[in-house]
Structures are given as C-alpha cells and as structure tokens.
Amino acid sequence: MTDIERQPDAEGEYREHLERSATVWDRWSDWYSMSEQDFEPIREDLIEKLGLEPGDRVLEIGCGPGVNFAPVLDEIGDEGQLVAIDYSPEMIAKANARVDENRWENVDIMRADATTADLGTGYDAALATLSMSVMPDVERTVRNVHDALTRDAPLGILDLQGFQSGPLRLGNPLLGRFLRWYANWNVDGDVRAAVDDVFGGYELLETHMLGTVYTLTARRTIRQSTDSCL
C-alpha cells in the first residue's frame, strides 16, 4: 500500500476535502460509540450478507475505530486477514487500541487515502460502512476497491443518501449541508451511481430512517445493471 501522500494531479479541492475529513473525523472519534450502537444491527446484517468464510482476506474502507472488526473476524477466523484503512489519525489510534485490547494478530491497520492508495489485490470481500460518501472522489474510490477484489468477490456498503421520494425531498439541500458539516459528506458524490457504473450493477438490500440509510452489495463479475438497482 502506498503512503498517504499519493494524490491525483491538480487537486486543490481534493486535498482540502481530504484534510477536512481527517479534521472532522478526528473531532468525532471520541463520540463514535453513539454511531456504533445505532447502526450495529445494520452493520452486522450487511457483514452477514457478504458470505465471508474462514480464511478470507477482507478489505475495510474507512474503518474508523474498528467497530466492524469483531463481526468480520468472527466470520474469517484466525486464518483470515483483515486489512483496514482510514485517513483520520485519531480513528487509527482507536482502531489500534481495539486490536491491542483484543489481541487480534490478523488485523493490519494503515493510514491511507482509499481513493488513490495502492490497495493491493486478492481480497475476497470489501466493506465500507458510513465511509464511501465522504471520499473526495467517490467513483475513483469505488474503482480502486473494485480492482483490489478477486473475481466474484463482494463489496458491501452501508451509507447515507438524500430522501428518495415524496415531499421530504425538498429537505435534501438542508440535509446535504448538515451532513457536510457533520461528516464531510461529499455532496457531489453519488455512491450508488458510482457502484452501478464501476461494477455494472448492485443489489439494494435495505433502507432505513425514511430511506436516508441504505445497504447494498455488488460483485466484481457483474457487468450489466439489474432492476434491483433502480
């Protein structure tokens, strides 16, 4: 994996977004337990849907303080490997503390920009919970993850979106501004569209909180869009 300084060309806005993410998530790192509890059933259901097996090698994008480590490791066992990346130094510190506390020996945590880092190859699955929509270049990140997966390997995403129908859609600009302040949400990014474009389709699993929270899975071998992504 390359170091965190690797950047796309001509990226003033890109770098500003990336550094703002580090600042925002450093700030929230002490309060992430609230999110951990609220989203725990949704995260665990998504991980179960990935169909992980003992010995699998898993990539987690935007691991935060490691809230997904235990359920992933329960599936892949001691013979598996979890590679987790994040850009926030404080989140990385808390993730490392969690690993040390549990004495896990098969978790590798790295500070990296998921959009541009050399993630390596050969992953049997990838996971991104509440992280893909804060990337400075969503589609480029999705493509980077796609290229790291083995054939037929799944990507699971839990993320946020605007209201999808009805009069509540009028509140999407306000929601977008709030999420940008709260989590450095990329208001110009569209995670579902990026996954559809890069993977050729996806399966929308569930929505929650009036449709603003969703989970999906996609596989590298998908080449054509399906009705499930409409």
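Residues numbered from 1 in each chain as written. Predicted model: local features only at pLDDT ≥ 70, side-chain atom pairs only at ≥ 80, totals over all residues. Heavy atoms only, no water.

Looking at an unreviewed UniProt entry, one finds the protein chain named Methyltransferase domain-containing protein, with Natranaeroarchaeum aerophilus as its source organism.

Brief notes about the packing of aromatic side chains
Considering all chains together, one arrives at one aromatic pair under this definition. Taken together, a centroid distance of 6.3 Å and an interplanar angle of 70° make the contact between F69 and W104 edge-to-face. Placement of F69 in helix 3 (residues 69-76) and of W104 in the loop between helix 4 (89-102) and strand 3 (107-111) is noted, with a sequence separation of 35 residues between them. Here F69 falls in the buried class, since its relative accessible area comes to 0%. (Phe/Tyr/Trp six-rings, centres within 6.5 Å; stacked < 30°, edge-to-face > 60°. Helix = DSSP H or I, 4+ residues; strand = E, 2+ residues; numbered from the N terminus. Buried < 20%, exposed > 50% of the residue type's maximum accessible area, 1.4 Å probe, protein only.)

A look at a nonpolar patch on the surface
Where nonpolar side chains cluster on the molecular surface, the patch consists of F178, W181 and Y182 and spans about 330 Å² of accessible area. Relative to the helices and strands, F178 is located in helix 6 (residues 172-183). (Patch = residues over 30% accessible without salt bridge, like charges linked within 9 Å, V, L, I, M, F, W, Y side chains within 5 Å. Areas by Shrake-Rupley, 256 points an atom, 1.4 Å probe, with all protein chains shown as cover. Salt bridge = Lys/Arg side-chain N within 4 Å of Asp/Glu carboxyl O.)

Observations concerning a negative patch on the surface
Side chains of E40, E44, E48, D74 and E75 sit close together on the surface and give a patch of like negative charge. Those elements that provide at least two residues to the negative patch are helix 2 (32-49) and helix 3. Residue placement: E48 occurs in helix 2. (Lys, Arg positive; Asp, Glu negative; His and termini not counted. Charge placed at Lys NZ, Arg CZ, Asp CG, Glu CD.)

Topic: the nonpolar core
Judged by nonpolar contacts, the single largest core of 30 residues is most densely connected at L59, I61 and V195. Breaking this core down by element, the ones donating at least two residues are strand 1 (57-61), strand 2 (81-86), strand 4 (125-129), helix 5 (138-148), strand 5 (154-160), helix 7 (191-199) and strand 7 (213-219). Per-element accounting of this core gives the leading share, five residues, to helix 7. In this view, L59 contacts V83, L119, Y123, A125, A126, L127, V145 and A148; residues no more than four positions away in its chain are not counted. (Core = buried A, V, L, I, M, F, W, Y, C linked by side-chain atoms within 4.5 Å. Contact = heavy atoms within 4.5 Å.)

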